[in-house]
There are 2 protein chains.
Amino acid sequence: MSQTPKQSAERPVPTSADVARLAGVSRATVSYVLNNTSAVRISEPTRRRVREAAEELGYVPHAAARSLRAGHTRMVLLPSAHVPVGPLYNRFFNELQRALRRLDYTVVQHGSLGLDGDDAARAWAELRPVAVVSLGEVALTPYGVDVLKRSGAKAVITLGPRRVQGAHSLVMDQSEIGSCAVTHLVGRGRRAIGVVMPREPGLELFSDPRLEGARRAAAAGGARIEPLPLLYDEESAAELAARWRGLGLDAVYAYNDEYAMLLMRALQDAGIQVPGETAVVGADNLLLGRLLRPRLSTVRIDMVSGQRLAELVDRVVRDPGAERERHGLMGARALHRESS
Amino acid sequence: MSQTPKQSAERPVPTSADVARLAGVSRATVSYVLNNTSAVRISEPTRRRVREAAEELGYVPHAAARSLRAGHTRMVLLPSAHVPVGPLYNRFFNELQRALRRLDYTVVQHGSLGLDGDDAARAWAELRPVAVVSLGEVALTPYGVDVLKRSGAKAVITLGPRRVQGAHSLVMDQSEIGSCAVTHLVGRGRRAIGVVMPREPGLELFSDPRLEGARRAAAAGGARIEPLPLLYDEESAAELAARWRGLGLDAVYAYNDEYAMLLMRALQDAGIQVPGETAVVGADNLLLGRLLRPRLSTVRIDMVSGQRLAELVDRVVRDPGAERERHGLMGARALHRESS
DNA sequence: TTGAAAGCGATACCAG
DNA sequence: CTGGTATCGCTTTCAA
């Protein structure tokens, strides 16, 4: 209790000046040595002394001071409101992270949970990131994009269902997924198709366009669409299954595989034959869907690779204004198994 | 092409000096107004002019400059190597993020994929976070903790299977989970118990202690433990199922529900009765496990609440050295369903 | 009530 | 080859 109560708390953080003092050189020399500045020759003994001093003090450069001086950062900011779910997303995210790191960027996710779009944009702008890659979890407005660009962001890239004015929008057309699922069902002779809409908040950004795509495909195929709100729990699924026959549907596209598995089980428990009476299709191509009987039909989603996105970020950072937006970075293909 | 090719690129980022100039006041006044400094009275008209000027220029304060001047940040850094999976983790993460934000911290995840523990610690230290909460994805060494503390971090908190010297370690005793699962199986008369060990990299931090807990429980109950490496794919599961009878096991604890579901299906496909011939237990209490037949028995894990962890972070930041490490922030309970 | 100025830590120019 | 020194943007005394 009386040993070193504040000592460690008060111990000042070592700066390059401390390193310089300990090594008996100037701060400039410290900077040259630690940054391997090639424009300047420093004698080997001096280099060693500096490095040893830095090591001894546990010196770590101060990123804020450095970027203040440099006038820019190498930070790529990825806003994250929710932790996204799904193996697809995870793989993509990890790829992106790794690729950006290889390009010598510092990848930082900013927890923006509970911030509205413009507040969030301002919070990000304070960090002066060189690029912002928004995965569509926080709705970025044209105003928000402007704030970021004015704060020095060279690249503002959105990856989501909608274009955002001013940003490099990589439109991931979610409607393609719904369209794909329903086209598949129509092709197998179904004409009255339910579309599960998760009632959990935060998923509308994905589920709305998927529904819209389903509608489009249904219209083209002469089928009827019925939106079906559903919570991700057994009670909600059982309740829906109980009134299933009254709905007069012969198929259902269930947003994704998890909802599809939930609903399929509930339907089976209610005595409804799958796929005989009702066909079921999910999306995401989860391994677990193959474990059910019947095996779950699904829509496989091909996401843009993290590597490619990282390269785009780098290109835009180096030459903003060179590239304009792209589309169709997401593909979707129905996989027929047994449930449809 | 010839419109404004570099103009926007070169357009300088507005600073508080620009705001001051536009509003016709000094930079000090701008600072007072925008930070609502209560120690100083500024006339209402001046305040308005300053705010309008800031708005017009799209001024956003420079976090680096501010923290450089202040000598500290309000940044809580959460290292993230992999995006963690599982609803439990997600909920916890979101809770933590939200609670920290309410306490006025800036939550930042640092993508540390592919950095070794000490390099990672140095990279984090450059950002001068006031606290680091490591969820055990990156192995933090005592040296790394020291680097962080010397760089001014008031709180270094690890949440993982092991204690880390120097840090506030919240030991989440993963072994409890394995122990719980095996005790359950032993209690139901099983004596030869397989333990699935995921072969995917990065999971050893969890799977090793779980195995160790399983061993402990087995020893206490007079049972035998057999580690079973498994990849998360159908081939690997089928291969394991094919040689199942040769292993002479009457039960298996399958790391978590996903591996359990995978293996259970493979066993059933190989004609092995579950739970008759072999009992199966997972962990995580996933909803999907309840959809299988037989319903999957599991271990429910009670994680520390994000709210509580956020409060701990805040306490340690305010008074480092006041609290020492805690244990047992994770509970585990077996849930018997039908597969065991 | 407002303004001038010092200084946070690192870097890069220019002199020595 | 090495050392002063001005500078980045912001906050905060201290004076006016």
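Given the structure is predicted, the values throughout are model-derived calculations rather than measurements.

Definitions and limits used
Residues numbered from 1 in each chain as written. Chains lettered and ligands numbered in written order. Predicted model: local features only at pLDDT ≥ 70, side-chain atom pairs only at ≥ 80, totals over all residues. Heavy atoms only, no water. Pairing = 2+ DSSP bridges. Helix = DSSP H or I, 4+ residues; strand = E, 2+ residues; numbered from the N terminus. Axes fitted to C-alpha atoms, helices over the stretch in contact; angles between N-to-C directions. UniProt positions renumbered as here; feature names shortened; annotations may be inferred. Salt bridge = Lys/Arg side-chain N within 4 Å of Asp/Glu carboxyl O. Buried < 20%, exposed > 50% of the residue type's maximum accessible area, 1.4 Å probe, protein only. Contact = heavy atoms within 4.5 Å. Buried area = accessible area lost by both parts, 1.4 Å probe. Polar contact = N/O pair within 3.5 Å; in protein donor to acceptor, adjacent residues only side chain to side chain. Nonpolar A, V, L, I, M, F, W, Y, C, P; charged D, E, K, R; others polar. Near = heavy atom within 4 Å. Parallel < 35°, antiparallel > 145°, perpendicular 65-115°, else oblique. Left-handed = near helix turned anticlockwise from the far one by under 90°.

Caption draft 1: Quick peek at the sheet that holds strand β7 (residues 224–230) of chain A. Residue and element names in this part refer to chain A. Strand order across the open sheet formed by four strands is β7-β6-β8-β9, with parallel pairing between neighbours. Because the sheet does not close on itself, it has two edges, and the strands there are β7 and β9 (279–281). On average, adjacent strands in this sheet sit at an angle of 25° to one another, irrespective of strand direction. As judged from the three bridges shared by strand β8 (residues 251–253) and β9, these two strands associate in the parallel manner.

Caption draft 2: Summary view of the UniProt feature "domain: HTH lacI-type" (unreviewed entry) in chain A. UniProt records the feature "domain: HTH lacI-type" (unreviewed entry) at residues 14–70 of chain A, using the numbering of this structure. The distance separating the terminal C-alpha atoms of residues 14–70 of chain A is 21 Å; by composition the span is 67% helix and 0% strand.

Caption draft 3: Inspection of the pattern of salt bridges at higher detail. All names here are of chain A. Tallied over the entire structure, the rule returns 30 salt bridges over all chains. Among the salt bridges present, the one from D314 reaches R318, with a minimum N-O distance of 3.0 Å. Here D314 pairs with R318, and both are found in helix α14 (residues 306–318), just four residues apart, close to one helical turn. Look at D314 and you get buried, because its relative accessible area is 10%. Judged by its relative accessible area of 65%, R318 falls in the exposed class.

Caption draft 4: Representation of the interface of chain B and chain A within the structure. Between chain B and chain A, the contact holds 64 residues from the first and 64 residues from the second. For the pair chain B and chain A, the summed buried area comes to about 5,800 Å², and 55% of that belongs to carbon and sulfur atoms. The tally of links from chain B across to chain A stands at four salt bridges. Taken together, chain B and chain A are joined by 25 residue pairs in polar contact (both at pLDDT 80 or more). Within the residue set of the side of chain B that touches chain A, elements represented by two or more residues are α4 (44–57), α5 (63–70), α6 (87–102), β2 (106–111), α7 (117–126), α8 (142–150) and α13 (257–269) of chain B. Class assignment for the residues of the side of chain B that touches chain A results in 30 nonpolar, 15 polar and 19 charged. Across three bridges, strand β2 (residues 106–111) of chain A lies against β2(B) in antiparallel orientation.

Caption draft 5: Quick peek at the protein's contact with DNA strand C. The local shell around DNA strand C holds 26 residues, among which A:S16, A:R27, A:Y32, A:R69 and B:S26 are the closest. In DNA strand C, atoms within 4 Å of the protein come 57% from sugar and phosphate. Here a base nitrogen of DNA strand C sits 2.4 Å away from a polar atom, N or O, in the side chain of A:Y32. Separating a phosphate oxygen of DNA strand C from a backbone N or O atom of B:S43 is a distance of 3.5 Å.

Caption draft 6: Here's a closer look at the side chain of B:S297. Residue and element names in this part refer to chain B. With respect to the helices and strands, S297 occurs in the loop between β9 (279–281) and β10 (298–302). For S297, a relative accessible area of 0% gives the class buried. Excluding its chain neighbours within four sequence positions, the residues that come into contact with S297 are D257, V280, V281, G282, L335, H336, R337, E338, S339 and S340.

Caption draft 7: Quick look at the packing of helix α11 (residues 234–242) of chain B against α13(B). All names here are of chain B. Where α11 contacts α13, the two axes come as close as 8 Å, and the packing angle between them is 50°. By the angle class used here, α11 and α13 are oblique. Here the hand of the crossing between α11 and α13 comes out right-handed. In contact with E234, A237, A238, L240 and A241 of α11, α13 contributes L262, L263, A266 and L267. Looking at the contact of α11 with α13 residue by residue, the classes come out as eight nonpolar, no polar and one charged.

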